[in-house]
Amino acid sequence: MLITCPYCGPRDVIEFTYQGDGNRERPQPASQNLDAWNAYVYDRLNPAGDHNEIWQHSGGCRAHLRVVRNTITHEILSTEFARGGHKSTDSRAEGRS
Amino acid sequence: MAEYSAFSLLKNALTGNKDWKPAWRKPDPKASYDVIVIGGGGHGLSTAYYLAKEHGITNVAVLEKGWLGSGNVGRNTTAVRSNYLLPQNTRFYEHSMKLWENLSHDLNYNVMFSQRGCLNLAHTPAQLDDYARRGNAMRHLGVDAELWSVDRIKRLVPALDVSGSARFPVLGGLMQPRAGTARHDAVAWGYARGADRRGVDIVENCEVTGFLRDGGRITGVSTTRGEIRAKKVALAVAGSTGQVMQLAGISHMPIESHVLQAFVSESLKPIVDTVLTFGMGHFYISQSDKGGLVYGGDLDGYNSYAQRGSLPVVDEVMSEMLALFPGLARVRMLRSWGGLCDMTMDGSPIITTGPLPGMYLNCGWCYGGFKATPASGWCFAYTIAKDEPHEFNAPFTLDRFYRGLIIDDKGQGANPRLH
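Residues numbered from 1 in each chain as written. Chains lettered and ligands numbered in written order. Predicted model: local features only at pLDDT ≥ 70, side-chain atom pairs only at ≥ 80, totals over all residues.

Draft legend 1. Up close: the overall build of chain B. The helix and strand inventory of chain B stands at 11 helices and 18 strands. In terms of overall size, chain B behaves like a compact globule, its C-alpha atoms giving a radius of gyration of 22 Å where 419 residues would be expected to give roughly 22 Å. The principal-axis extents of the C-alpha atoms in chain B amount to approximately 65 × 60 × 40 Å. Counting over 419 residues, chain B shows a buried share of 51%. Across chain B, the fraction of contacts at a sequence separation of at least 24, relative to all contacts at a separation of at least 6, is 75%. (Helix = DSSP H or I, 4+ residues; strand = E, 2+ residues; numbered from the N terminus. Rg over C-alpha atoms; globule rule 2.2 N^0.38 Å. Buried ≥ 20, exposed ≤ 12 C-beta atoms within 10 Å, placed from the backbone. Contact = placed C-beta atoms within 7 Å.)

Draft legend 2. Summary view of the interface of chain B and chain A. The partner chain A presents 18 residues to the 22 residues of chain B that form the contact. Listed by contribution, the elements that provide at least two residues to the side of chain B that touches chain A are α8 (241-247), β12 (255-267), β15 (292-303) and α11 (400-403) of chain B. Residue composition of the side of chain B that touches chain A, by class: 11 nonpolar, 9 polar and 2 charged. (Nonpolar A, V, L, I, M, F, W, Y, C, P; charged D, E, K, R; others polar.)

Draft legend 3. How the structure looks around the sheet that holds strand β6 (residues 64-70) of chain A. Residue and element names in this part refer to chain A. Pairing in this open sheet of 4 strands is antiparallel, and the strands run β3-β5-β6-β7 from one edge to the other. Of all the strands in the sheet, just β3 (17-21) and β7 (76-81) have a single pairing partner and so form its edges. The average angle at which neighbouring strand axes cross in this sheet is 30 degrees, direction not considered. The sheet contact formed by β6 and β7 spans 5 bridges and is antiparallel. The residue of β7 that forms the bridge with V68 is S78. (Pairing = 2+ DSSP bridges. Axes fitted to C-alpha atoms, helices over the stretch in contact; angles between N-to-C directions.)

Draft legend 4. How the structure looks around the domain arrangement of chain B. Residues and elements named next belong to chain B. One can read the domain layout of chain B as domain 1 (30-78 + 184-254 + 346-418) and domain 2 (115-179 + 256-344). Each of domain 1 and domain 2 has a C-alpha centre, and these two points are 29 Å apart. Facing the 23 residues of domain 1 at the interface are 19 residues of domain 2. (Domains from an automatic or database assignment.)

Draft legend 5. Fine view of the sheet that holds β12 of chain B. Residue and element names in this part refer to chain B. Sheet architecture is open: 8 strands sit in the order β5-β6-β4-β13-β14-β15-β12-β16, paired in mixed fashion. Two strands lie at the open edges of the sheet, namely β5 (146-148) and β16 (333-344), each paired on one side alone. With direction set aside, neighbouring strand axes in the sheet form an average angle of 25 degrees. The sheet contact formed by strand β4 (residues 118-122) and strand β6 (residues 172-176) spans 5 bridges and is antiparallel. From the neighbouring strand, C118 faces β6, where its bridge partner is Q176. Together, β12, β13 (275-278), β14 (283-287), β15 and β16 form the strand contacts of helix α9 (residues 311-324), whose direction differs from that of β15 by roughly 135 degrees.

Draft legend 6. Fine view of the environment of D50 of chain A. All names here are of chain A. For D50, the position within the fold is in strand β5 (residues 50-56). For the pair D50 and L77, spaced 27 residues apart in sequence, the C-alpha to C-alpha distance is 8.2 Å. Setting aside residues no more than four positions away along its own chain, D50 makes contact with V68, N70 and L77.

The structure is reproduced here in structure tokens:
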């Protein structure tokens, strides 16, 4: 499997570290909403098909990437910088990026 | 009289082997059942078997989307052990071990259970201390465990490189003598025949495409072979759990599906007569009765529904094998394959009522489901029949993550690819 890093170009999958489901929404750090924390830490979409996920180019430029990959064919449909990593529900954080 | 015996073998040999009955029928599904079990793998079949045998519930259908035993029950590396640290796991897997020890007799089907032991190698003093701790935890709950010296390991497995110049020198190991291997296909076939003879319908090539509901209650399934109603619908679909739960309207689960590869070499004379695990990576090896080395390693490491793996993991597994057995460098690998593992967030399974009324859930076997096959079916059948869990599976709930009652034997946290 080759992942095309926006910095480094197409690289072998062994250069990357998988960081899982990119659909999860991290609550604000001070949030006491147990359902939201539980969903963030434990719940996964786990689709058979296109999957929005986070990878780190740990053996290269170390950038975090948002990758859309098909979990049946392993075809990679898009790669981009992840910016804030997992999606944030904190609108101020999104404003800063 | 038992269907398979020395007498029946002789009688059929004399009459040209024309009178053997198929091990299970190929019935068309009925309109309704007391219980539908989705998934005709090891766990689904053993569930049906124990529903009939232990609870007298025989109006049962097992629905399998492919052919019987086409999933993980035929894709694993056949190891059976109960060498866990945490008491919830130890009690459950030791119950499974006790069922294994009598399984061939119970099923009247030779599952070739071979208690050749399972030896975990330690490569650092800290790891050896950790194994002593785990061994003590096992013995505390009545499970056999022995801490082995390098000399003793050398005598058991002479081909192993235990020299000080090994890449990761062996310092000792934790042995569970009652652990071993079983013939995985025979387990599926034995449970299938046992269930079939008690009246269970095993319906192959019957894929569930949706759930029937009455209000919020699950009342049956729609399938590629029509609608089938049931008072209780039980899921035992392993790596497909997320997909089947989505049909029931539950989009998120504490599960990721990953692919795990397994390998078999060409046949060799006996060289490893135990189940051996490497402590400085993820690698385990045993030898089949045909002589092939059966071995595997770590998950590919990312979500996958492809029942095949990638080359970097093949390379890693071979490197680990050679770190232990330099003498195997020129042995040829015959086959490799992959199976879907339903990895939970704490590495422990889920056997529970619900989460919807009329539904029962058995999943989250990570890559340790084969050894659990008897106890999984036994506990799941109890849970379905009594509408409450047995004490052995009471800790394996779906809401344990929310409630902070996780059972994380490896202490890895909510990162499924590391369990």
